[in-house]
Amino acid sequence: MKELKERIVRDGKVLSDTVLKVDAFLNHQVDPQLTMKIGQAFAEIFRGERVSRVLTVEASGIHFAMATAYALGVPFVYAKKKKAVTLSDEVYSVPVHSFTRQETYQISIAKPYLSSHDRVLIVDDFLATGAALVGLATIVKEAGAHLVGVGTVIEKSFQEGRGLLEQMGVRVESLARIKSMQPGAIQFIEPVSARV
């Protein structure tokens, strides 16, 4: 997605060879027009998959999942990182380690919002180590639902996340794939097709 890559180069800040800060437009202050275009891009990529539900984990993936679900005309669900008093014991739950926050938390989804009849698309802001997305894929499998794929806004392709998901047989589509980065220089992997 050309516009996304341009924004990453212009407004992103490479803090190290593994940390990219995009909080000026994606995950703290949010550009709503770009967010809706991202949702439309994922909807186009997965249009033929008959998606019935979009899934993400709180908090940075919520607006992309909502934009995608809106474009597809389906509901979205986000996994909670902390169990609320309103959340019953009837949940799918797995532990997930956050590379960014350096902590492990239990993500949970109430069972009524994910069933074996669902065709699920997982959407998130980043794919790096893949822990959160592997956790969500595990929940989808536990629910007996069909995972049509994972859509990520930015993928750090030099980290292991894509490989872990592909080992699980998961289709991965990323709008911006970063091959390498250092302050002042970001190299992208260009898509084989011109779909996005």
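Residues numbered from 1 in each chain as written. Predicted model: local features only at pLDDT ≥ 70, side-chain atom pairs only at ≥ 80, totals over all residues. Heavy atoms only, no water.

An unreviewed UniProt entry lists the protein chain under the name Xanthine phosphoribosyltransferase, with Brevibacillus thermoruber given as the organism. We quote the UniProt Subunit (unreviewed entry) comment for the protein chain here in full: "Homodimer." UniProt, in its Function (unreviewed entry) section for the protein chain, records the words "Converts the preformed base xanthine, a product of nucleic acid breakdown, to xanthosine 5'-monophosphate (XMP), so it can be reused for RNA or DNA synthesis." (UniProt positions renumbered as here; feature names shortened; annotations may be inferred.)

Here's the deal with helix 1 (residues 2-11)
Looking at helix 1, one finds that the buried residues are L4, K5, R7 and I8. The buried side chains of helix 1 occupy one side of the element, clustering within an arc of 160° when seen end-on. Away from the buried face of helix 1 by more than 90 degrees, exposed residues K2, V9 and R10 are located. In this fold, the buried residues of helix 1 make contact with strand 2 (20-21), helix 2 (32-45), strand 8 (146-156), strand 9 (172-182) and strand 10 (185-189). (Buried < 20%, exposed > 50% of the residue type's maximum accessible area, 1.4 Å probe, protein only. Helix = DSSP H or I, 4+ residues; strand = E, 2+ residues; numbered from the N terminus. Arc of directions from axis to C-beta. Contact = heavy atoms within 4.5 Å.)

Observations concerning the UniProt feature "binding site: xanthine" (unreviewed entry) in the protein chain
In the numbering used here, UniProt assigns the "binding site: xanthine" (unreviewed entry) feature to L20, N27 and K156. Looking at the secondary structure, you find N27 in the loop between strand 2 and helix 2. In contact with N27, other than residues within four places in its own chain, are V22, S60, D125 and F126. Only 3.5 Å separates the side chain of N27 from the backbone nitrogen of D23, close enough to count as a polar contact. (Polar contact = N/O pair within 3.5 Å; in protein donor to acceptor, adjacent residues only side chain to side chain.)

Notes on the packing of helix 2 against helix 3 (residues 62-72)
Close contact between helix 2 and helix 3 brings their axes to 7 Å; oriented N to C, the two are set at 55°. One finds that helix 2 runs oblique with respect to helix 3. As for how helix 2 packs across helix 3, the hand of that crossing is right-handed. Here T35, M36, I38, G39, Q40, F42 and A43 of helix 2 come into contact with helix 3, specifically with H63, F64, M66, A67, T68, Y70, A71 and L72. Taken together, the residues of the contact of helix 2 with helix 3 break down into 10 nonpolar, 5 polar and no charged. (Axes fitted to C-alpha atoms, helices over the stretch in contact; angles between N-to-C directions. Parallel < 35°, antiparallel > 145°, perpendicular 65-115°, else oblique. Left-handed = near helix turned anticlockwise from the far one by under 90°. Nonpolar A, V, L, I, M, F, W, Y, C, P; charged D, E, K, R; others polar.)

Regarding the nonpolar core
L4, I8, L20, L26, I38 and I154 are the most contacted members of the largest nonpolar core, which totals 34 residues. The set of elements that each furnish at least two residues to this core consists of helix 1, helix 2, helix 3, strand 7 (119-127), strand 8, strand 9 and strand 10. Ranked by residue count, the leading element in this core is helix 2, at 6 residues. When neighbours within four sequence positions are excluded, I8 is seen to be in contact with L20, F25, I154, A176, I186 and F188. Counting 27 residues, the second-largest nonpolar core is a separate cluster that includes V77, V120, L136 and I139. (Core = buried A, V, L, I, M, F, W, Y, C linked by side-chain atoms within 4.5 Å.)

A look at helix 2
In this model helix 2 runs 20 Å from its N-terminal to its C-terminal C-alpha over 14 residues, within 8% of the 20 Å that 1.5 Å per residue would give. If you check which residues of helix 2 are buried, you get L34, T35, I38, G39, A41, F42, A43 and I45. If you follow the buried residues of helix 2, they end up packed against helix 1, helix 3, strand 7, strand 8 and strand 9. Where helix 2 starts, the residue carrying a side-chain oxygen 3.0 Å from the main-chain nitrogen of Q33 turns out to be D31. (Expected span 1.5 Å × (residues − 1).)

Structural notes on unusual backbone geometry
In the segment running from E58 into A59, the intervening peptide bond is cis, with an omega of 5°. As for its position among the elements, A59 is in the loop between strand 3 (53-57) and helix 3. In this structure, R50 is a non-glycine residue whose phi angle is positive, near 50°. With respect to the secondary-structure elements, R50 resides in the loop between helix 2 and strand 3.

Topic: the environment of V22
Considering the arrangement of structural elements, one finds V22 in the loop between strand 2 and helix 2. Sequence separation between V22 and G12 is 10 residues, and the spatial gap between their C-alpha atoms is 4.7 Å. Look past the residues within four positions of V22 in its chain and what remains in contact with it is G12, N27, F126 and I154.

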